[in-house]
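# Coordinate inspection notes
Here is what each chain is made of, one letter per residue.
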Amino acid sequence: MQAADRGAQWANEMTAGLLHVLQAHFQYPVLHYFRPPDESTSLALQLGRLLELRRATKARMRQAPGAQDERNHAYLALGGALERYLRDVNVHFIPGRFGIPIGEDVDWEIDEAHDRLLRYMAYRPSAGQD
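As the structure is a prediction and not an experimental result, all values here were calculated from the model. (Residues numbered from 1 in each chain as written. Predicted model: local features only at pLDDT ≥ 70, side-chain atom pairs only at ≥ 80, totals over all residues. Heavy atoms only, no water.)

Residues Tyr28, Val30, Leu31, Tyr33 and Phe34 make up a contiguous nonpolar surface patch of roughly 610 Å² in combined accessible area. With respect to the helices and strands, the residue Tyr33 is situated in the loop between helix 1 (3-27) and helix 2 (43-63). (Patch = residues over 30% accessible without salt bridge, like charges linked within 9 Å, V, L, I, M, F, W, Y side chains within 5 Å. Areas by Shrake-Rupley, 256 points an atom, 1.4 Å probe, with all protein chains shown as cover. Salt bridge = Lys/Arg side-chain N within 4 Å of Asp/Glu carboxyl O. Helix = DSSP H or I, 4+ residues; strand = E, 2+ residues; numbered from the N terminus.)

Encoded structure:
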């Protein structure tokens, strides 16, 4: 199997996994009361790596728009799942005191949504709390 194929397969598996976790949040809201003691294993922090991958994929596609491959499409689908996860978690589970609430009909920035999730999970200080 080629590297591009393995990358696409990995991205497809991560997309399915992330959407499965989002579904679990809706089915079991109690999940929001728990966080791993070791920050390095936190999904909220690992989402930052997926944001980096999303930015790199978009930049690569802008540089070579004709060089579309299966891996790029799989990475873009993963980026879409990441956007959906962050938006839904922000809209439905994070209280307003953790920054500007993100609503269903409000323009939002994915990095702001990620930062807001990190503050909610206490991995970053909230505004005014240093």
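We are not done yet, so read on.
Next up on the list: the packing of helix 3 (residues 70-92) against helix 4 (residues 110-120). Orientation of helix 3 relative to helix 4, taken along the N-to-C sense of each, is 50°, at an axis distance of 9 Å. Judged by the inter-axis angle, helix 3 sits oblique to helix 4. For the pair helix 3 and helix 4, the crossing hand works out as left-handed. Contacts between helix 3 and helix 4 involve Leu82, Glu83, Tyr85, Leu86, Val89 and Asn90 from the former and Ile110, Ala113, His114, Arg116 and Leu117 from the latter. In terms of residue class, the contact of helix 3 with helix 4 is built from 7 nonpolar, 2 polar and 2 charged. (Axes fitted to C-alpha atoms, helices over the stretch in contact; angles between N-to-C directions. Parallel < 35°, antiparallel > 145°, perpendicular 65-115°, else oblique. Left-handed = near helix turned anticlockwise from the far one by under 90°. Contact = heavy atoms within 4.5 Å. Nonpolar A, V, L, I, M, F, W, Y, C, P; charged D, E, K, R; others polar.)

So, on to the packing of aromatic side chains. Tallied over the full model, the rule gives 2 aromatic pairs. Ring geometry for Trp10 and Tyr75: centres 6.4 Å apart, planes at 85°, overall edge-to-face. Placement of the pair is Trp10 in helix 1 and Tyr75 in helix 3, with a sequence separation of 65 residues. The class for Tyr75 is buried, based on a relative accessible area of 13%. (Phe/Tyr/Trp six-rings, centres within 6.5 Å; stacked < 30°, edge-to-face > 60°. Buried < 20%, exposed > 50% of the residue type's maximum accessible area, 1.4 Å probe, protein only.)

For helix 4, a buried count of 8 out of 11 residues is recorded, marking the element as mostly surrounded by other parts of the structure. Listing the buried residues of helix 4 in full gives Ile110, Ala113, His114, Arg116, Leu117, Leu118, Arg119 and Tyr120. Buried residues along helix 4 sit against helix 2 and helix 3. Once helix 4 finishes, Ala122 follows within two positions and takes phi at roughly 70°, a positive value.

Here Ala122, not a glycine, exhibits a phi torsion of approximately 70°, which is positive. Of the residues examined, Ala122 reaches a relative accessible area of 52% and is grouped as exposed.

Counted by the stated rule, this structure contains 4 salt bridges. Arg54 is the partner of Glu83 in a salt bridge, and the nearest nitrogen-oxygen pair spans 2.6 Å. With Glu83 in helix 3 and Arg54 in helix 2, the pair connects residues that are 29 residues apart, well separated along the chain. Judged by its relative accessible area of 27%, Glu83 is partly exposed. Arg54 gets classed as buried once you look at its relative accessible area, which sits at 15%. Asp88 serves as the salt-bridge partner of Arg84, at 3.7 Å between the closest nitrogen and oxygen. Here the residue Arg84 and the residue Asp88 both occupy positions in helix 3, the gap between them amounting to 4 residues, near one helical turn. Assessed through its relative accessible area of 13%, Asp88 is described here as buried.

Moving on, we come to the nonpolar core. Counting residues in each nonpolar core, the largest one holds 26 residues, and the members touching the most others are Leu47, Leu82, Tyr85, Leu86, Val89 and Leu117. For this core, the elements supplying multiple residues, two or more each, are helix 1, helix 2, helix 3 and helix 4. (Core = buried A, V, L, I, M, F, W, Y, C linked by side-chain atoms within 4.5 Å.)

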